[in-house]
Protein chains: 2
Amino acid sequence: MKATIYDVAREAGVSIAAVSQVINGKGKISEERRNEIFLVMERLNYRPSVIAAALTGKKTYTLGLLVPDISNPFFAEIAHAVEDQGHKLGYSIVICSTHNEDERIERYLTLLQQKSVDGMIIGTGMDNLELLSPLVDKSIPIVSIAREMASPYVQTVHVGDFEGGKLAAQHLLELGHTRIAVLAEHLKVSSSRERIRGFREALAGAGLELPDASVKSGGYDLLRDGKRQTMELLQQEGRPSALFCCNDLLAIGALQAAKALGLRVPEDVSIVGFDDTILASVTDPPLTTIAQPIEAMGKLAVDLVIAQLANKADAKPEQVLKPELVVRKSTGAVSK
Amino acid sequence: MKATIYDVAREAGVSIAAVSQVINGKGKISEERRNEIFLVMERLNYRPSVIAAALTGKKTYTLGLLVPDISNPFFAEIAHAVEDQGHKLGYSIVICSTHNEDERIERYLTLLQQKSVDGMIIGTGMDNLELLSPLVDKSIPIVSIAREMASPYVQTVHVGDFEGGKLAAQHLLELGHTRIAVLAEHLKVSSSRERIRGFREALAGAGLELPDASVKSGGYDLLRDGKRQTMELLQQEGRPSALFCCNDLLAIGALQAAKALGLRVPEDVSIVGFDDTILASVTDPPLTTIAQPIEAMGKLAVDLVIAQLANKADAKPEQVLKPELVVRKSTGAVSK
DNA sequence: TTGAAAGCGCTACCAA
DNA sequence: TTGGTAGCGCTTTCAA
């Protein structure tokens, strides 16, 4: 069986308290004893049980990351960034993918908390903020990433979605588009709503209206939904000459639909995405998209939790980063 | 503070043992008492501490998944598949991304074990199998996915890499290519080596040789390495007319390099990838690639750990799935 | 059927 | 400096 602190103490002829002190580098122990104990630990190949330690309320140096779907490159890239910064700061990151299901969100939230993470980063939308209260009670810091979260207890880092939507609209407007439709994921996703709001406002500024009928929203199978919706959109009378997709995956679905219909992008229809994941740079044609500073967001999120952990939390509850228009080949001037 | 089993017992006027039995649905308790206790638990919003339970050696119904890089769509898709099947079977999945660094592999391995996962799925290559022995000692089931692992203690599920390599070669051969180069990731990755071996063997069958100089291997920044290596390859005298890339990310790097050099794919150079991630279907041109059955692999891996957990482990230590050639637009006949 | 009590492995406080 | 010891919250005998 595995060696415990008792084994080490016995072998070294000291009390478990002494061993515990050595493990944690606390208290006062003579060099000599300390080395002796180290040796025994080594010899017994002793590994302190984090579980037992957690039970007594010790820090675990792990952060939990909750994402809606790890197979969406956007979140995979977020996860990568979070892991990176976490690691730099000495934290391990545990990732859970909720498949956008409420039940799994709840389950993983509980799980992570039970696994006693020191802090939590949430990239999943949450309807029921009540779920967070156990965390709040235990004063486990929470920051939400890429999603706003209307709770006084959670700091949030996200891109300016509203502004991003405007950017997209302006770009399309400059190219002369007037018949424009929008593809969104489920409308309960706040970032989508904001992006659309920004988009709509920019259009309005140019005297254009975006009727609700031109906004297609779907579920969470982004690729498929994007394709299906685009099929509908592009086959109708007076089809739009431009599509704004609330994320890259939707945009790719749109791209596939256009291709399937024998339409050329951007000659027949312009498409702009959102996120600027690796996907955007490799598609055919490469996707014009609104870039989110994924690296920066991941880093910032980690910094925030850890700052809260150290009680030097910035008062700033919200960190809004700048979106950026990246023009590639999927958008062009309207051909009349 | 949070309610403990003691609070519940006190409130319900019973012993903690009784409460414990209710929680676990074990032992004999009268309907009456049981309901009473349930009510109290509800009222106190009591949640059993998994940590404490884990300390006493109870199952946690969580599986750990270790991947080298979650931002590689292949592993993100694997993670998705694993999560899905795990969830179906009542298990939560905790994902850790090691960035291909030995130190992180070790750290996360320890971490997951300390967080007391019931089983482990490993998608990361491991040099030092010794690291697994603590798990083995505790008889925590381990299965490796998408990677072979030469340990008697781990079952493994992966695609036939050798066969996949052959498939790629045959395809290229049929198209008439003779000047062929190979791009691999770090050669310590066993799957890459196998793919190359298969590829080489198929070439040999056609009387063609693949000199070591034509095999470029790099580090773990797949996209960048693929691009850089392809740049070199395509700028040299008598450049290859076809490239076999050991994974899609490398292939995309190659695609970008070709584009940067003003070469057309597949007219000037054919490219075949490996994995068939979402990336392969969206690139310009879409990538001919060797498909791995990602869903099936994920599902199988989960099934295997859980079977081991239930002690109905199949004796079969290795599950090899069939790779499949998916022909898209990045390969074509040699133009002479 | 029920409950008392002995751990699980570790931390932290207090006395020595 | 050291060691004794009381928890942390739960599971699991073993008696009652």
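Presented here is a report on the structure given in the accompanying data block. Quick caveat: nothing in here was measured; it's all calculated off a predicted structure.

Section: the overall build of chain A
Regarding its fold elements, chain A presents 13 helices and twelve strands. For 336 residues, the compact-globule formula gives about 20 Å, and the C-alpha radius of gyration of chain A, at 25 Å, lies well above that figure. For the C-alpha atoms alone, the extent of chain A along its principal axes is close to 90 × 35 × 30 Å. Each of the 336 residues in chain A was classed as buried or not, and the buried ones make up 55%.

Some points on the nonpolar core
Among the nonpolar cores identified, the biggest contains 89 residues, and Ile122 of chain A together with Ile122 of chain B are the most heavily contacted of them. Other than its neighbours up to four places away in sequence, Ile122 of chain B contacts Leu66, Leu109, Leu132, Ile142, Val143, Ser144, Ile145 and Met149 of chain B. Val159, Ala184 and Ile196 of chain A together with Ala168 of chain B belong to the second largest nonpolar core, which has 85 residues in total.

Focus: the pairing of strand β2 (residues 92–97) of chain A
As a general feature of sheets, a regular strand has side chains that alternate between the two faces. Residue and element names in this part refer to chain A. Counting buried residues in β2 gives six out of six residues, a clear majority hidden from the surface. Burial of β2 is two-sided: the residues Ser92, Val94 and Cys96 facing one way and the residues Ile93, Ile95 and Ser97 facing the other way are all buried. Alignment of strand β1 (residues 62–67) against β2, held across six bridges, turns out to be parallel. Following the sheet pairing, Leu63 is matched in β2 by Ile93. As for the winding sense of the linkage, the β-α-β connection from β1 through helix α5 (residues 73–88) to β2 is right-handed.

Thoughts on the side chain of His177 of chain B
Residues and elements named next belong to chain B. On the secondary structure map, His177 appears in the loop between α8 (161–174) and β6 (180–184). Judged by relative accessible area, which is 3%, His177 ranks as buried. Polar contacts involving the side chain of His177 include one to the side chain of Ser270, which spans 3.2 Å. Not counting chain neighbours up to four residues away, the residues in contact with His177 comprise Leu172, Leu208, Ser241, Ala242, Ser270, Gly332, Ala333 and Val334.

Some details on unusual backbone geometry
Looking along the chain, the bond that leaves Val265 of chain B and enters Pro266 of chain B is cis, with omega of 5°. Mapped onto the elements of the fold, Pro266 of chain B is located in the loop between α11 (248–260) and β9 (270–275). The linkage connecting Asp284 of chain B with the following residue, Pro285 of chain B, adopts the cis geometry, with an omega of -10°. With respect to the secondary-structure elements, Pro285 of chain B resides in the loop between α12 (278–282) and β10 (288–291). Although it is not a glycine, Asn45 of chain A adopts a positive phi angle of roughly 55°. The class for Asn45 of chain A is partly exposed, based on a relative accessible area of 48%. We note that Ala146 of chain A has phi near 65°; this positive angle belongs to a residue other than glycine. For Ala146 of chain A, a relative accessible area of 5% corresponds to the buried category.

Each value, and the rule that gives it
Residues numbered from 1 in each chain as written. Chains lettered and ligands numbered in written order. Predicted model: local features only at pLDDT ≥ 70, side-chain atom pairs only at ≥ 80, totals over all residues. Heavy atoms only, no water. Helix = DSSP H or I, 4+ residues; strand = E, 2+ residues; numbered from the N terminus. Rg over C-alpha atoms; globule rule 2.2 N^0.38 Å. Buried < 20%, exposed > 50% of the residue type's maximum accessible area, 1.4 Å probe, protein only. Core = buried A, V, L, I, M, F, W, Y, C linked by side-chain atoms within 4.5 Å. Contact = heavy atoms within 4.5 Å. Pairing = 2+ DSSP bridges. Right-handed = clockwise from strand over helix to strand, strands pointing away. Polar contact = N/O pair within 3.5 Å; in protein donor to acceptor, adjacent residues only side chain to side chain.

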